[in-house]
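# Chain and residue survey
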Amino acid sequence: MNNKSITGAQAVVPRHLAIIMDGNNRWARKRFLPGVAGHKAGVDAVKAMIEVCIEEGVEVLTLFAFSSENWRRPEDEVGALMELFLGALRREVRKLQENGVRLQIIGDRSRFAPELQQAMLQAEEHTAGGGRLTLVVAANYGGQWDIAQAARQLAAEVASGARAAASINEQAIEARLSTANLPLPDLCIRTGGEKRVSNFLLWQFAYSEFYFSDLFWPDFKQEALRAALADFACRQRRFGKTSEQIAAES
């Protein structure tokens with residue numbers, strides 16, 4: 001953990017913050033706007049999250065941008081989301097570079113159009129030197145998919161004779177997840193009033209803290225995130241130990 005000031009006091013900041021960005025469509029409906037207007041408005045919230053994370057010393061920010069289940073949405077909405085994603089990749093890369101943000105995209109890219117896949121790769125390459133914050137975008141991502149693809153890798157190793165089945169343990173699976181190069185999430189925030197994980201980072205959330213906000217994603221800005229970080233800083237994370245053990249170790 002990092003010790004960093006939040007609203008003027010010494011506090012614990014999550015190394016890895018994950019956010020389920022929910023409520024874009026409902027935000028738009030309240031304003032009698034098409035759903036894509038909510039997604040466009042949500043881009044400003046993403047910028048606010050990056051700003052606060054850099055200020056507070058968060059190392060990794062993971063955003064659930066498009067789940068593997070989101071393909072079930074209306075075709076015109078999915079198409080608009082793909083266009084928005086492509087435009088954001090092309091438009092924001094220079095700003096990410098200037099702010100020292102490294103972009104990493106996780107998920108199954110095979111279903112995306114070749115043009116979008118190429119833009120993803122180029123954005124990752126152009127921001128590879130960023131050292132202030134790692135921004136992870138989960139696109140066509142599902143926690144069950146992630147565990148399954150890790151299992152397939154291990155099964156192939158066993159089939160080739162490179163590994164014994166008995167050697168497969170939690171560490172072996174974790175090392176083959178799409179987040180293997182990252183610390184596990186300390187805190188997950190979900191906006192929009194819902195209280196579920198929706199197939200996001202299922203393995204990685206084993207000991208994560210959760211914070212639920214009734215704000216729709218486009219309304220979740222700097223002060224809302226700072227409030228969530230302050231709430232996190234007040235929690236005691238025991239990882240199976242007792243409060244007395246934690247107190248003795250501190």
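Overview of the structure. (Residues numbered from 1 in each chain as written. Predicted model: local features only at pLDDT ≥ 70, side-chain atom pairs only at ≥ 80, totals over all residues. Heavy atoms only, no water.)

Another point: the overall build of the protein chain. Along its length, the protein chain carries 8 helices and 8 strands. Against the globule reference of 18 Å for 250 residues, the protein chain gives a C-alpha radius of gyration of 19 Å, in line with a compact fold. By its C-alpha atoms, the protein chain is 55 × 55 × 35 Å across when sized along the principal axes. Of all 250 residues assigned to the protein chain, the portion counted as buried reaches 48%. Counted over contacts in the protein chain with a minimum sequence separation of 6, partners at least 24 positions apart contribute 73%. Accessible surface computed for the protein chain: about 12,600 Å², of which carbon and sulfur atoms make up 51%. (Helix = DSSP H or I, 4+ residues; strand = E, 2+ residues; numbered from the N terminus. Rg over C-alpha atoms; globule rule 2.2 N^0.38 Å. Buried < 20%, exposed > 50% of the residue type's maximum accessible area, 1.4 Å probe, protein only. Contact = heavy atoms within 4.5 Å. Areas by Shrake-Rupley, 256 points an atom, 1.4 Å probe, with all protein chains shown as cover.)

Attention now moves to the environment of Gln97. Relative to the helices and strands, Gln97 resides in helix α3 (residues 75–98). C-alpha of Gln97 to C-alpha of Arg132: the two residues are 35 residues apart in sequence and 10 Å apart in space. Beyond its immediate stretch of four places on either side in the chain, Gln97 contacts His126 and Thr127.

What follows concerns the environment of Pro185. By secondary structure assignment, the location of Pro185 is in the loop between α6 (170–174) and β7 (187–190). Judged by relative accessible area, Pro185 falls into the buried class, the value being 4%. For the pair Pro185 and Val13, spaced 172 residues apart in the sequence, the C-alpha separation amounts to 12 Å. When near neighbours in sequence (up to four residues on either side) are disregarded, Pro185 contacts His16, Ala18, Leu201, Gln204, Phe205, Ser208 and Arg237.

Attention now goes to the pairing of strand β5 (residues 101–106). Burial of β5 is extensive: 5 of the 6 residues sit out of reach of the surface. One ladder, built from 6 bridges, connects β5 with strand β6 (residues 133–141); its direction is parallel. Bridged to Ile105 within β6 is Val137. (Pairing = 2+ DSSP bridges.)

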